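Coordinate inspection notes
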Amino acid sequence: MFKLSAKAMIVAMSFGIAGLAHADPITIKFSHVVAEHTPKGQGALLFKQLAEERLAGKVKVEVYPNSSLFGDGKEMEALMLGDVQIIAPSLAKFEHYSKPIQIFDLPFLFDDMAAVDRFQKGPVGQALLTSMEDKGITGLGYWHNGLKQLSANKELLDPKDARGLKFRVQASAVLDEQFKAVRAVPRKMSFSEVYQGLQTGVVNGAENPYSNIYSQKMHEVQKYITESNHGLLDYMVITNTKFWNGLPDDIRTTLSEIMKEVTEEVNKKAAALNERDKQSILDAGTTKILYLTPEQREKWREAMRPVWKKFEGDIGADRIKAAEEANKQ
Ligand code: LMR
């Protein structure tokens, strides 16, 4: 039989009693792949600050930026296994979990971020947040980064300029097709590898909002950025459904309120952070920013637009229509 010495029993009892008096705080690991001074990085820190202020002693939030805990190839699996409790992958990274979420990758779908906002807040956008609960994933909100710009070591003004160039893409079939549509060569690569990929010439170009370009120093290895605003890079903040539903009601309610506040704050500030980083790129003097005339932009749009048809079945024509409606309001 297992016997405890008197001393061990005293130690065990005192731990037991201490444990009852001060229940351990619930630890929430929030992992992401970008730098802290980006919209997502700032959002994660604000969530930590507010959660630890309002739920002091009850909740502890550990933020892991820059792929320091999980890179974007592994974070979804880690969430499902319970190794991390909150992540915020870009909307391009959900195709294995929800085909309709691919809508956000369609090139030239949204006219501007106000339209994105309307769509995300509308019934179709909101329904997508709960579309993965059968897989154990709950969406808590959409965070903006912003519209993507093309970058390369060559001037990209006409779609023909992209022919034969290798572009890094996120793990998204839509983005793959988008580059094939202009006869470029897409290469899937995780975010943490993009700088090196561009530096060594494994890829020649990429697409990202200014905040990601600047914080990963991509501008140091890209001579040109075309301000194309051709697609969206936003996030869905997600949690493990079982973990979330298993939280004590008062804690879950407070965390939901905090998430709402943080979401508003991130979405209000994301554009300014991208503008700031655009200016920093200009100040660095490494990269020329090119602007498209309306005619040039129309040519890119025409070239990439056939991609929509290829994914209409998976996404749903009604959802695409709702997104187009959001442009008109
Ligand atoms: C990318 O892989 O380019 C982005 O999804 C990274 C991010 O999270 O902003």
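The text that follows walks through the structure, step by step, so that each part is easy to find. (Residues numbered from 1 in each chain as written. Predicted model: local features only at pLDDT ≥ 70, side-chain atom pairs only at ≥ 80, totals over all residues. Heavy atoms only, no water.)

1. Section: the sheet that holds strand β3 (residues 86-87)
The strand order across the open sheet formed by 5 strands is β2-β1-β3-β10-β4, and the pairing between neighbours is mixed. Looking at the sheet topology across the chains shown, the edges are occupied by β2 (59-64) and β4 (137-147). The pairing of strand β1 (residues 26-31) with β3 spans 2 bridges and is parallel. Counted as the bridge partner of serine 31 is isoleucine 87 from β3. Packed on one face of the sheet, helix α2 (residues 39-54) meets β1, β2, β3, β4 and β10 (232-240) and runs near 165 degrees to β2. (Pairing = 2+ DSSP bridges. Helix = DSSP H or I, 4+ residues; strand = E, 2+ residues; numbered from the N terminus. Contact = heavy atoms within 4.5 Å. Axes fitted to C-alpha atoms, helices over the stretch in contact; angles between N-to-C directions.)

2. Notes on the pattern of salt bridges
Within this structure, the stated rule accounts for 19 salt bridges. Across the salt bridge formed by aspartate 158 and lysine 299, the nearest N and O atoms sit 2.7 Å from each other. Taken together, the residues aspartate 158 in the loop between β5 (149-152) and β6 (166-169) and lysine 299 in helix α11 (residues 294-304) connect sequence positions 141 residues apart. For aspartate 158, a relative accessible area of 19% gives the class buried. (Salt bridge = Lys/Arg side-chain N within 4 Å of Asp/Glu carboxyl O. Buried < 20%, exposed > 50% of the residue type's maximum accessible area, 1.4 Å probe, protein only.)

3. Focus: the nonpolar core
Phe30, Phe47, Val61, Ile86, Trp143 and Leu255 are the most contacted members of the largest nonpolar core, which totals 40 residues. Those elements that provide at least two residues to this core are β1, α2, β2, β4, α7 (194-200), α8 (210-215), β10 and α10 (249-284). The element contributing the most residues to this core is α10, with 7 residues. Sequence-distant contacts of phenylalanine 30, defined by excluding residues within four places in its chain, comprise Ala44, Phe47, Val61, Glu62, Val63, Tyr64, Val84, Ile86, Ile87, Ala88 and Trp143. With 34 residues, the next largest nonpolar core counts Phe70, Phe94, Phe104 and Phe311 among its residues. (Core = buried A, V, L, I, M, F, W, Y, C linked by side-chain atoms within 4.5 Å.)

4. Digging into the packing of helix α12 (residues 306-315) against helix α13 (residues 317-328)
Packing of α12 against α13 leaves a shortest axis separation of 7 Å and a crossing angle of 115 degrees. As far as their axial angle goes, α13 and α12 are roughly perpendicular. Every residue of α13 that contacts α12 at Trp308, Glu312 and Ile315 is listed here: Ala317, Arg319, Ile320 and Glu324. The class makeup of the residues in the contact of α12 with α13 is 4 nonpolar, no polar and 3 charged. (Parallel < 35°, antiparallel > 145°, perpendicular 65-115°, else oblique. Nonpolar A, V, L, I, M, F, W, Y, C, P; charged D, E, K, R; others polar.)

5. Brief notes about the side chain of glutamine 102
One can find glutamine 102 in the loop between β3 and α4 (113-121). Its relative accessible area of 5% is what places glutamine 102 among the buried residues. Among all residues touching glutamine 102, those that are not within four sequence positions of it are Glu95, Ala173, Val174, Phe311, Asp314 and Ile315.

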